Amino acid sequence: MKCVCGNKLQEIKTDMDFFDGKVIVRGVNALYCSECKEELFDSKEGDKISEQVSILHIIQPFESRKKIAKVGNSYAIPVSKEIAEYMQAKKGGEVLVKVQSQKRLIVDFA
Ligand SMILES: [Zn+2]
């Protein structure tokens, strides 16, 4: 396979990091162009990466303890920037809040 610059691409194994290095996926198959210093991934590998990242999300930085805040007559639970970005949350966006039990609250972003 050739790069857009015409240089021959090398098959390499690389590490990819997400969320400022909090999540690292190791041994990703990629194609590297020594001219452009560019790493390319095919879509199959891309799917594998996003699958691994989403698994890691749940286990690693996406679990955190928060203090409940009071805003007027309501209570607010702070959501970190990483979670907000992952959930594609926007200020003013709507969520569906469901009480599942006295110990569990479900927030649907959709
Ligand atoms: Zn190139």
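Residue numbers restart at each chain and count upward from 1, following the sequence in its written direction. It should be noted that, the model being predicted, local features are given only for residues of pLDDT at least 70 and side-chain atom pairs only at 80 or more, the latter also being counted only at that level, while totals for whole chains, interfaces and linings use all residues. To get the side-chain values, take all heavy atoms of the structure and skip hydrogens and water.

These domain boundaries are the output of an automatic or database domain assignment. Segmenting the protein chain into domains produces domain 1 (10-59) and domain 2 (78-108). A C-alpha centroid distance of 28 Å is found between domain 1 and domain 2.

For Na, K and Ca the donor cut-off is 3.2 Å; for every other metal, N, O and S atoms count as donors within 2.8 Å. Water does not enter the count, which can leave sites looking incomplete. On the protein side, the zinc ion has C3 (SG), C5 (SG), C33 (SG) and C36 (SG) as donor atoms, found 2.2 to 2.3 Å from it. A four-donor site is called tetrahedral if each angle lies between 85 and 135 degrees; a four-donor site is square planar, and a six-donor site octahedral, when trans pairs exceed 155 degrees and the remaining angles lie between 65 and 115; all other cases are labelled irregular. One can describe the site at the zinc ion as tetrahedral: its four donor atoms subtend angles covering 106 to 114 degrees at the metal.

This part covers the side chain of T14. In DSSP terms, a helix is any run of H or I states spanning at least four residues, a strand is any run of E spanning at least two, and both are numbered starting from the N terminus. Residue position: T14 is located in strand β1 (residues 10-18). Looking at T14, its side chain comes within polar contact range of the side chain of E39, at 3.3 Å. In what follows, a contact means two residues having at least one pair of non-hydrogen atoms within 4.5 Å. Those residues within four positions of T14 in sequence are excluded, and the remaining contacts are V25, R26, G27, V28, A30, E39 and F41. Counted as a polar contact is a pair of N or O atoms within 3.5 Å, where, for protein atoms, one must be capable of donating a hydrogen and the other of accepting one, and residues adjacent in sequence contribute only when both atoms are in side chains.

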